[in-house]
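# A closer look at the structure
The lines below spell out each chain.
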Amino acid sequence: DEACVNTDVDRNHCGSCGHVCPEGQVCDGSGACAWTCGGTTPDLCDEACVNTDVDRNHCGSCGNVCPAGQVCDGSGACAASCASPLTTCGLACVHTAYDPANGGGCGHVCPDYTNAGPACYLGGCIFGACDAGFLTCDNNTVNGCEINGLTDPANCGACGRVCPSGVCVNGDCQRRVFVTSTTYNGNLGGLAGADAKCQARAAAAGLTGTYKAWLSDNTGSPSSRFTRSAAPYVRVNGTVLANNWADLTDGTIRLNLNLTESGATQGSTTWPFTNTNTNGTLENGGSSCSNWTATSGPANFGCNNYTDRFWTTCWGGMDHCGSNYSLYCFEQ
């Protein structure tokens, strides 16, 4: 609005022009609204965050203005010049070894870098913290933060973190999901054996990554065993089953989970072993073939032709452990 402000500390323009901090909050010195000040401006004066060691309008204490021509010397005292190691630049005391607005000398402003702000170290200009979501992965101090970690499947959320699915969403890898084309009786070899069966089916279809079975017993459940994704869960053809873990476990899914590891559609209803609630926990009163090690006794399963809760809690309690059913498999 035709005014020069510091969006790091101005509560009426905190972080960006026009962003007013809520009543009672301050702009904390880093461009964020907070209840207290911090960082390089730890002191609150007149609803503004300042540093009373160097602020000549609040030198040593709020409202103590240094006389004309004097500076606040770095120790909270008014003086004709700044105390070492600070340098007098205009009427401000700055540390030219670390101040990007006076990098190496008064008035030498460090430049912005690609996807990063400026910084100063030992009097030399470098790039500072990367912008949100961006990464520097090449150890090059010249080109800034060259990687968009929100979308790069080779550096998804962190340098070198490769997404097996080839898709990175908001810094997390998209997870693929399928129902096995093969069926098994209730003696799965426990949860570990079921996971191994999912992994084998994925490998047979050329799917890279780690897969686990959507399956619960007294030793664990998806809620305790799975990596909770912030990115979408998709069927192997790329269609979205759920936006993220929260969406996956809210009681419904978007589509029938009826595509196999190869992408084929199962022609009829399949009953995958589950014993799992929609929120990923062990089904109360459910049955799991003696922790998935027996071929007799009751088991709980889902129905892959539903998108409501019946996708995972369709039926159970009967002598199903000797029958052959499929598994739901989720990439981790």
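Here, every reference points to the structure presented above.
These numbers come from a predicted model, not from an experiment.

### Points about the overall build of the chain
Summing up its helical and strand segments, the chain has four helices and 21 strands in all. Over its C-alpha atoms the chain spans a radius of gyration of 30 Å, topping by over 25% the 20 Å that the globule rule assigns to 332 residues. Dimensions of the chain, computed from C-alpha atoms along their principal axes, come out at roughly 90 × 40 × 35 Å. When the 332 residues of the chain are sorted by exposure, 43% land in the buried category.

### Topic: the state of the cysteines
On inspection of all chains with the given rule, the structure shows 16 disulfides. In this model Cys82 forms its disulfide with Cys93; the gap between the sulfur atoms is 2.1 Å. Between Cys82 and Cys93, the disulfide has an S-S torsion of -95° and is therefore left-handed. You can see Cys82 sitting in the loop between β6 (78-79) and β7 (87-89) and its partner Cys93 sitting in strand β8 (residues 92-94), a full eleven residues away along the chain. Take Cys82 and Cys93: they sit in the same class, and that class is buried.

### Regarding the environment of Gly38
Mapped onto the elements, Gly38 comes out in the loop between β2 (33-34) and β3 (43-45). Overall, Gly38 belongs to the partly exposed group, its relative accessible area being 23%. C-alpha of Gly38 to C-alpha of Arg254: the two residues are 216 residues apart in sequence and 45 Å apart in space.

### Focus: the layout of surface pockets
In this structure, the largest pocket spans a volume of roughly 1,100 Å³. If you go around the largest pocket, you meet 30 residues; those closest to its centre are Asn6, Asp8, Thr40, Thr41 and Asp99. For the lining of the largest pocket, the elements supplying multiple residues, two or more each, are β4 (48-50) and β8. A total of three residues in the lining of the largest pocket trace back to one element, the largest contributor, which is β8. Looking at the lining of the largest pocket, its residues break down into 15 nonpolar, nine polar and six charged.

### Some thoughts on the nonpolar core
Taken as a class, soluble globular proteins show a tendency for nonpolar side chains to be buried jointly. One finds Leu188, Leu215, Phe273, Trp292 and Leu327 to be the most contacted residues of the largest nonpolar core, which totals 20 residues. Only α1 (190-204), β16 (211-213), α4 (289-292) and β19 (299-301) provide two or more residues apiece to this core. In terms of residue count, α1 provides more of this core than any other element does, four residues in total. Setting aside residues no more than four positions away along its own chain, Leu215 makes contact with Leu188, Leu191, Ala194, Gly220, Ser221, Pro222, Arg225, Phe273, Thr274, Thr276, Trp292 and Leu327. Counting residues in hydrophobic clusters, the runner-up holds 14 residues, among them Phe226, Leu241, Ala242 and Trp245.

### Focus: the sheet that holds β16
The mixed open sheet is built from five strands, whose spatial order is β16-β21-β15-β17-β18. Among the strands making up the open sheet, the edge pair consists of β16 and β18 (240-242). Strand after strand, the sheet turns through a mean of 35° between neighbouring axes, direction not considered. Pairing analysis gives two bridges linking strand β17 (residues 233-235) to β18, with the strands arranged antiparallel. Following the sheet pairing, Tyr233 is matched in β18 by Ala242. Along the sheet, α1 contacts β15 (175-179), β16 and β21 (328-331); its crossing angle with β16, the most-contacted strand, is approximately 135°.

### Details of α1
With 15 residues, α1 ought to run about 21 Å at 1.5 Å a step, and its terminal C-alpha atoms sit 21 Å apart, in line with that. Buried within α1 are the following residues: Gly190, Leu191, Gly193, Ala194, Asp195, Cys198 and Ala202. Where the residues of α1 are buried, they touch β15, β16, α2 (222-225), α4 and β21.

### A look at unusual backbone geometry
In this chain, Ser84 is followed by Pro85 through a cis amide linkage whose omega measures 10°. Notably, Glu2 is not glycine yet its phi reads approximately 60°, a positive angle. Residue placement: Glu2 occurs in the segment before β1 (26-27). Given a relative accessible area of 89%, Glu2 falls into the exposed group.

### As for the packing of aromatic side chains
Counting across every chain of the model gives 16 aromatic pairs. In textbook terms, an aromatic cluster arises when at least three aromatic residues are bridged by ring pairs, as seen for Trp214, Phe226, Tyr233, Trp245, Trp311, Tyr328 and Phe330.

### Remarks on the pairing of β21
Working note: regular strand, side chains alternate between the two faces of the sheet. Burial along β21 is two-sided: Tyr328 and Phe330 facing one way and Cys329 and Glu331 facing the other are all buried. Bridging between β15 and β21 involves three bridges; their strand directions are antiparallel. When the bridges of β21 are listed, Phe178 appears paired with Cys329. Relative to β21, β16 is paired through three bridges, and the arrangement is antiparallel. Across the sheet, Ala213 pairs through a bridge with Cys329, a residue of β21.

Cut-offs used in this document
- Residues numbered from 1 in each chain as written.
- Predicted model: local features only at pLDDT ≥ 70, side-chain atom pairs only at ≥ 80, totals over all residues.
- Heavy atoms only, no water.
- Helix = DSSP H or I, 4+ residues; strand = E, 2+ residues; numbered from the N terminus.
- Rg over C-alpha atoms; globule rule 2.2 N^0.38 Å.
- Buried < 20%, exposed > 50% of the residue type's maximum accessible area, 1.4 Å probe, protein only.
- Disulfide = S-S within 2.5 Å.
- 1 Å grid on protein atoms, 1.4 Å probe; cavity = no way out; pocket = protein on both sides within 12 Å on 5 of 7 lines; lining within 4 Å.
- Points joined across faces, edges and corners; volume = space filled by probe spheres on them.
- Nonpolar A, V, L, I, M, F, W, Y, C, P; charged D, E, K, R; others polar.
- Core = buried A, V, L, I, M, F, W, Y, C linked by side-chain atoms within 4.5 Å.
- Contact = heavy atoms within 4.5 Å.
- Pairing = 2+ DSSP bridges.
- Axes fitted to C-alpha atoms, helices over the stretch in contact; angles between N-to-C directions.
- Expected span 1.5 Å × (residues − 1).
- Phe/Tyr/Trp six-rings, centres within 6.5 Å; stacked < 30°, edge-to-face > 60°.

In short, geometric facts, not functional conclusions.
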